[in-house]
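So you can see what is in the structure, the chains are spelled out below.
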Amino acid sequence: MTRDDEPGILSVMITSILQRRAVALKSIIMVVVLLGVMALIVLLFAGERDEGVRPSKAGQATNSLATSSPQPVQPIQPAAPAADEIPDEDKPEAEAHFEPASLRLGYVLPESVITSEFTLVNDSDEPLLVKEVKRGCSCTEVTFQAGEIPPGGSRKGLATFTAGMTPTTKNNKVRILFEKHRPMTLPMNAMVSRAVHVQPPNFRMHAKSSFDGPVARTASRVQLSSTDSQPFRVLSSGGRPPIPVSGGGNPSEPSTAQSVMIDIGDYDKETLLDPQGNKMPPFWIIETDHPDAPVIEVRIMHREFFPHRREKEREWVFVENRVVVDAVDPGEAVQFELPIIWNALEGQRTQQIIAAESNSPQFEASLVGMKKDGRKSKAVIEIRPVEGVVGPYQGRIELVSHEHRAPLPVIGHVNRTGSQEAE
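Along each chain, residue indices are assigned from 1 in the same order as the chain's sequence is written. Totals for whole chains, interfaces and linings use all residues, but because this is a predicted model, local features are given only for residues with pLDDT of at least 70 and pairs of side-chain atoms are given and counted only at 80 or more. Side-chain metrics rest on all non-hydrogen atoms present in the structure, leaving aside hydrogens and water.

Before going further, it helps to examine the overall build of the protein. Numbering of helices and strands starts at the N terminus; helices are DSSP runs of H or I of at least 4 residues and strands are runs of E of at least 2. From N to C terminus, the protein includes three helices and 24 strands. Each residue gets one of three labels from its accessible area relative to the maximum for its type: buried under 20%, exposed over 50%, partly exposed in between, using a 1.4 Å probe on protein chains only. Of all 423 residues assigned to the protein, the portion counted as buried reaches 34%. Working rule for contacts: check all heavy atoms of both residues, and any pair within 4.5 Å makes them a contact. Pairs at least 24 apart in sequence give 65% of the contacts found in the protein among residues at least 6 apart. Total accessible area computed for the protein in this model is approximately 26,100 Å², and 53% of it derives from carbon and sulfur atoms. Throughout, the Shrake-Rupley method with a 1.4 Å probe supplies accessible areas, and for residues the shown protein chains are the sole cover considered.

So this is what it looks like as structure tokens:
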């Protein structure tokens, strides 16, 4: 080949190189375009998977894409609280009243059962919804139907009070709970007393408290009144002839009201011992000739008579702080039933009362048996005064289980014969 052929060869080589570069450039452009399309697809799918973005339904894609700004989110309104969640003090007062406004039972004999009727009247123009009825004490049972009382309507109820064995003033209440209103309270009052009522019922010898501090009083006056309007006389007071109160009349003459003095001058005020070393009894006994109240007791509040505390391990307890038994004729015995409260259900108790023992030389005591009384029980106890005891007597018995002993004061009276009354 001559040198004259070199320009042609070069031309062919340049053309071939240019053609190959064009093909490569097109390939690069196609790859770039393909990568861009793939990136766009990835971005679209990623956007659909973002939290809070839901795939559009068919036919809604155009509208979704055309939305330029998100719609404002409406705030969630809190639900109104249920009536049960509103504190009673924040509820409105009920437009209602009780008839009568209170249950005043007056004088009630020990262990008696008194039932009283009451009415709740709805004075409003709207229904009054009674949710629940609560009693203020276990000594009271209430019968009252829950539910709606219409506007201007009323509903009757019953309150049954069971008196205890110990004379006392009982302030109780019946509480009505409403669905949308504050509770209403029906007061209830009873004076548990025998046929002769004594006031005050306690002789508080300490100045500031019942059982502690300096002894400030050694004498006091008490007022006796007949609850059945029957006149009576005071036969003795503290085992001696009654001391009359100045201007209070003669207690030896029949009257429906009497006044006598309590005077412990024969006893040391700190130890309550007399010159012979005998301790004063825990109750000052006043003897009357009222057939239904031969003895009336006044409790001596002195640290020497601090109440017995129940042991933590004892499963049984009684709430009476003394028992006054019925009067008997000489040589006879009397029984009473003492309510017992247990802190364990029957079948789960590990203790049982097995005896009643007397600590007094004036009478004997024995446990006759135990009676079921719902979740409680009653100890049936017999008291037999010894021969020669006449008139008032008092002493202490102990209820006994294998593990524990609990004291209980007992007060009674042996009726006098005609000749003894004359003496």
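Now that the structure has been shown, the text picks up again.
A few words on a negative patch on the surface. On the surface, a cluster of negative charge is contributed by Glu95, Glu99, Asp123, Asp125 and Glu126. Within the element layout of this structure, Glu126 appears in the loop between strand 3 (113-122) and strand 4 (128-135). Only residues whose relative accessible area exceeds 30% and that take part in no salt bridge are eligible for patches, with like-charged residues grouped when within 9 Å of each other and nonpolar side chains (Val, Leu, Ile, Met, Phe, Trp, Tyr) grouped when within 5 Å. Salt bridges are counted wherever a side-chain nitrogen of Lys or Arg sits within 4 Å of a carboxyl oxygen of Asp or Glu. Only four residue types enter the charge count: Lys and Arg as positive, Asp and Glu as negative, with His and the chain ends excluded. Charge positions are represented by NZ for Lys, CZ for Arg, CG for Asp and CD for Glu.

Mapped onto the elements of the fold, Thr168 is located in strand 8 (residues 168-178). Taking relative accessible area as the criterion, Thr168 reaches 39% and is therefore assigned partly exposed. When the C-alpha positions of Thr168 and Ala190 are compared, they lie 8.4 Å apart, and in sequence the two are 22 residues distant. When sequence neighbours within four positions are dropped, the list of residues in contact with Thr168 reads Ala190, Met191 and Val192.

To continue, consider the confidence of the model for the protein. Per-residue confidence for the protein averages 85 on the pLDDT scale, and 78% of its residues sit at or above 70. The predictor's confidence in any single residue is recorded as pLDDT, a number from 0 to 100. Every residue in residues 1-15 is under pLDDT 50, and counting partners more than four places away or in other chains gives one contact.

Put simply, two rings from Phe, Tyr or Trp (the six-membered ring, in Trp's case) pair if the centres are within 6.5 Å, and we call them stacked under 30 degrees between planes, edge-to-face over 60, tilted for the rest. A full pass over the atoms with the stated rule returns four aromatic pairs. Look at Phe118 and Phe144: their rings are 5.7 Å apart centre to centre, the planes differ by 10 degrees, and that puts the pair in the stacked class. Taken as a pair, Phe118 in strand 3 and Phe144 in the loop between strand 5 (140-143) and strand 6 (147-149) lie far apart in primary sequence, 26 residues in all. Judged on exposure class, the residue Phe118 and its partner Phe144 are both buried. Look at Phe363 and Tyr393: their rings are 5.7 Å apart centre to centre, the planes differ by 50 degrees, and that puts the pair in the tilted class. A residue pair is termed long-range when its members are at least 10 positions apart, and Phe363 in strand 21 (residues 363-373) and Tyr393 in strand 23 (residues 391-401) qualify at 30 residues. Exposure remark for Tyr393: the relative accessible area of 2% places this residue in the buried category. Taken together, the aromatic side chains of Phe98, Phe118 and Phe144 make up a single cluster linked through ring pairs. Lysine NZ or arginine CZ positioned within 6 Å of the ring centre and within 35 degrees of the ring normal marks a charge as sitting over the ring. Sitting over the ring of Trp316, Arg314 keeps its end group 4.6 Å from the ring centre.

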